[in-house]
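# A closer look at the structure
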Amino acid sequence: MTGILRIALAHVATAIRERVTLFWFLIFPAFVLVLLALIFGNLGEEGEISFELGLINRDTVSAGPIDFAEIVEETFRSLAEPGEGSAEPLFTLHQPNDDTDVEAFLDSELTALRRGRRAAVVVIQAGFGNAVFGSYGQASSDSAKLSVYMTTSNVASQMATEIIEQVLAGVDREILTRGGRYDAAQAIEPETVWLGTTGEETPYVDFVLPGIILMGFFVNGLFGVPGAILFNRDRKVLRRYWVTPLSVPRFLAGFSIGHLALCGLQFVLLYLLGRYALGASVSFASPSAFLLLLLAAVTFLAFGFLIASLARTTQGGMAAANILNMPMMFLSGLFFPIAGLPFFLRLIVYANPLSYLAQGLRASLGIETSVFTPTQILGVPLAWIALSVVIASIRLRWDVER
Amino acid sequence: MSALKSLLLAELRILMRDRMALFLTLLFPLVFILVFGFLMGDIGDVSRSTMGVFISTDLDREELEAAVAAAGTMEIVPFGSLAEIKEAVAAREIDFGLVWDGKQLDVFYDAARVQENFAFQQVATGITTDFNLRRQGVEAALSVDVIDIGATSSANWFSLVLPGILAFSVLSAGLSAISGHVTAMKERKILDRLIVTPMRPVLLLVAVAGVRLGIVFVSTLITLFVGILLFGLRYEISWLRYTVFIVCGTAGAMGLGTTIALLVRRPSSASNIAHALSMLMLFLAGIYFPVEFMPGFLRALSVAMPLTHMANALRYAVGVVEMSEAEFWAISASFLGIALVLFPVLARYVIRPLRH
């Protein structure tokens, strides 16, 4: 028993001493967790996203009692002021000065838009106020007096345009209300209904934290296990073990305990980061979540042995791990939706144990409803463990060829 | 000259035998685009989404149907009951559902689709706005004309991601080419043997760089053409700019990689540091997510990343974004400058025997 524990301890100590292992084991998952939470956690919320916006008012002559162009301009200006607590404004406005040539300014703004330095350019066309005042809610097809220039190839430009359209829809209702043509009190406000176990929108960090923990387990098994086994074999470290009374099964037991301890440590550190730095509220304190985390750690441990058994050298093992890493990680629904994938990629999704573990873990945490049955969630990873154990027991060499 | 030729041939043979390096340089970008092409092709595009609609009353039915029809090209699926629409959302048969009973307009979303719901909510808000106007029999006072002035009007986000991935593979291959290879030569004591010949250290770096440069160029071309053929991406490639940038960018990244070679002893450490650095930059350089989505401090950090500028320059070279000529040439010249300055300076420190 002491020998097994010493092997386990040696495995943990080696992993922690290796700075590169530490990077992939902890720093990289933590970095991805923080980055994704910062980007997607508050997507679209004011104060968390900011667009560079060109605004040009060509309608400088007001014909009626109300300066409609000024209303539009003022609306955008108000959205360009810092929010509460100096939060970033939604827009950073770029407008011409009084003595600027408006046409030249528009040209430069459109160039900036094409070059990705503006998300959109809004132009209030000449005659805008007259058109609004004249029709007052009876827009005709040729009354396009507000132009929004954007680029479809840029997601930020698309998002900015959608927000601008909503802002202008608000201005539109305001103008119609002032003209007595629209009764805001009669308007229907849509009721948002979140379908899920909690009845509320899942906070992004709660959604992504289980995925990042599984990613950590996966990378740990995929790179850490074959890396350690093959490196120690090729460097003849394992040969030194075999001249001691330590048997292969006892070494395996120690190595596996060390690997599971590393996964446990990884889980605790990532959970603490998610909980206390990023405000995650998801609780892993349920038997089913514990079981799935354990299943995940064992699955990727076995998977690591499978790779180690198929590779002849450390380099070959790392190449195989690199080939499998990206497709398996991203074709599992850990980070991106996988609903619209073509058939041949969906085959990878269905064969991928990560897909089942991710959905199973999230379902056990009440984050999402799994499309897989409990039998599939447990069965597919268990099948991978069985397959890996069989192949590894047949093929894995514990010493370099003499 | 013959020394350089011999070194070039030797390097080529070494690379051809090194399956790991060949894979990482040639096929890794392909794996990236195959996975991300399908995952990210529709990002930000709700036109391919499916909305379920259940209207249980004739009150304002026509107005709502007209508002839904005017919402865009997404697929609309009618449902016969509230339970059916809820089941369909939960089973992800539809992306979101709209239910109108004459008094209340409910929009059903899957709470777990945290990355997509924002776009669905935008669509639902647009439909509600239009519906409210139609119910009161008024048309919008403001008419908004949205004009797409993108370099390639049919482009989607993935058409920008692909040159970003190419830039990443240039950086990644460049960073690890010299750092990993030279430290491996040190470790295998090959460098010790070369040092005692009349070979000039810089010639070895030039040979390593030349061979890797050729492979990187071929790799980017394969990736680019697979992207074009498989995903129907359209680019207006300026081959002069493309070639110039791949050469300058790879050389510059190799120059930066030489610094890594100077700092580490083991080849695995060099490759790992190069890989770790390029992965960190991959997330910060606006390759997958637009920089605008990031918080202010990350946007500022993004500007400091070489990969941000490499991706922008390559996007310009393939014609999906615009950039001033001066900026493009300044970026290219900067990377070439890094190579020209770092190569000779570091060659004498890097190309020397392993310290025992």
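Thresholds applied
Residues numbered from 1 in each chain as written. Chains lettered and ligands numbered in written order. Predicted model: local features only at pLDDT ≥ 70, side-chain atom pairs only at ≥ 80, totals over all residues. Helix = DSSP H or I, 4+ residues; strand = E, 2+ residues; numbered from the N terminus. Contact = placed C-beta atoms within 7 Å. Pairing = 2+ DSSP bridges. Axes fitted to C-alpha atoms, helices over the stretch in contact; angles between N-to-C directions. Nonpolar A, V, L, I, M, F, W, Y, C, P; charged D, E, K, R; others polar. Core = buried A, V, L, I, M, F, W, Y, C linked by C-beta atoms within 7 Å. Buried ≥ 20, exposed ≤ 12 C-beta atoms within 10 Å, placed from the backbone. Domains from an automatic or database assignment. Expected span 1.5 Å × (residues − 1). Arc of directions from axis to C-beta. Parallel < 35°, antiparallel > 145°, perpendicular 65-115°, else oblique. Left-handed = near helix turned anticlockwise from the far one by under 90°.

On a plain count of helices and strands, chain B comes out with 13 helices and five strands. Intrachain contacts of chain B at a sequence separation of at least 6 include 80% that bridge at least 24 residues.

With that settled, the discussion passes to the sheet that holds strand β3 (residues 96–100) of chain B. Backbone hydrogen bonds hold the strands of a sheet together, and the pairing may be parallel or antiparallel. Ordered in space as β5(A)-β4(B)-β3(B)-β1(B)-β2(B), the five strands form an open sheet in which the pairing is mixed. Each edge of the open sheet carries a strand with a single partner, namely β5 (191–195) of chain A together with β2 (75–78) of chain B. Neighbour-to-neighbour, the strand axes of this sheet turn through a mean angle of 25 degrees, independent of strand direction. In this structure, strand β1 (residues 50–55) of chain B lies alongside β2(B), joined through four bridges in parallel fashion. Directly across from Val53(B), in β2(B), lies its bridge partner Pro78(B). Sitting on the sheet, helix α5 (residues 117–135) of chain B touches β3 and β4 (105–110) of chain B, and the angle it makes with β4(B) is about 170 degrees.

The next thing to look at is the environment of Val205(A). With respect to the helices and strands, the residue Val205(A) is situated in helix α7 (residues 204–234). Contact partners of Val205(A), with chain neighbours within four places excluded, come to Ala37(A), Gly41(A), Gly274(A), Leu278(A), Gly279(A) and Ala280(A).

A word on the interface of chain A and chain B. Contact with chain A, which involves 93 residues of that partner, is made by 80 residues of chain B. Among the elements of the structure, α2 (19–40), α4 (102–114), α5 (128–135), β4 (146–150), α6 (155–178), β5, α7 and α11 (314–330) of chain A are those that each provide at least two residues to the side of chain A that touches chain B. At 14 residues, α6(A) tops the list of elements feeding residues into the side of chain A that touches chain B. Among the residues making up the side of chain A that touches chain B, the classes are represented as 54 nonpolar, 24 polar and 15 charged. Pairing between β5(A) and β4(B): five bridges, direction parallel. Counterpart to Glu191(A) in the pairing with β4(B) is Asp106(B).

Nonpolar side chains in soluble globular proteins tend to be buried together. Counting 216 residues, the largest nonpolar core has Ala120(A), Val122(A), Leu214(A) and Leu307(B) as its most contacted members. Setting aside anything within four residues of it in sequence, one finds Ala120(A) in contact with Leu53(A), Leu113(A), Val148(A), Tyr149(A), Met150(A), Ser157(A), Ala160(A), Thr161(A) and Ile164(A).

Residue and element names in this part refer to chain B. One non-glycine residue, Asp60, lies in the positive phi region at around 55 degrees. With respect to the helices, strands and loops of the structure, Asp60 is situated in the loop between β1 and α3 (61–69). Accessibility expressed as a C-beta count within 10 Å gives 19 for Asp60, which makes it partly exposed. Despite not being glycine, Arg92 shows a phi value in the positive range, around 60 degrees.

Spatially, the five strands line up as an open sheet ordered β2(A)-β1(A)-β3(A)-β4(A)-β5(B), and their pairing is mixed. Here the strands that pair on one side only, and so sit at the sheet edges, are β2 (91–94) of chain A together with β5 (144–148) of chain B. Taken pair by pair, the neighbouring strands of this sheet meet at an average axis angle of 25 degrees, ignoring direction. When strand β1 (residues 51–57) of chain A meets β2(A), the two strands line up parallel, connected through four bridges. Its bridge partner being in β2(A), Phe51(A) is matched across the sheet by Phe91(A). The strands touched by α4(A) within the sheet are β1, β2, β3 (120–124) and β4 of chain A, with β1(A) carrying the most contacts at an inclination of about 160 degrees. The strands touched by α6(A) are β1, β3 and β4 of chain A together with β5 of chain B; relative to β4(A), the strand with the most contacts, the crossing angle is about 165 degrees.

With that out of the way, let us pick up the domain arrangement of chain A. By domain assignment, chain A separates into domain 1 (2–40 + 203–395) and domain 2 (51–186). Between the C-alpha centres of domain 1 of chain A and domain 2 of chain A the distance comes to 50 Å.

Its domain assignment divides chain B into domain 1 (2–41 + 156–350) and domain 2 (50–135). With centres defined by C-alpha atoms, the gap from domain 1 of chain B to domain 2 of chain B works out at 47 Å.

Our focus in this paragraph is helix α1 (residues 2–17) of chain A. Residues and elements named next belong to chain A. The first and last C-alpha atoms of α1 sit 22 Å apart over 16 residues, in line with the 22 Å expected at 1.5 Å per residue. The set of residues buried in α1 consists of Ile7, Ala8, His11 and Ala15. For α1, the angular spread of the buried residues around the axis is 100 degrees, confining them to a single face. Those residues of α1 that are exposed and angled more than 90 degrees off the buried face are Thr2, Ala13 and Arg17. Where the residues of α1 are buried, they touch α2, α7 and α9 (248–277).

All names here are of chain A. Where α2 contacts α9, the axes come no closer than 10 Å and their chain directions differ by 30 degrees. Viewed along their axes, α2 and α9 adopt a mutual orientation that is roughly parallel. Where α2 crosses over α9, the handedness of that crossing is right-handed. Where α2 approaches α9, its residues Phe25, Leu26, Pro29, Ala30 and Leu33 are matched on the opposing element by Leu262, Gln266, Leu269, Leu270, Leu273 and Gly274.

Looking at chain direction, β1(B) and β3(B) are connected through five bridges and run parallel. Across the sheet, the residue bridging to Ile55(B) is Trp100(B), located in β3(B).

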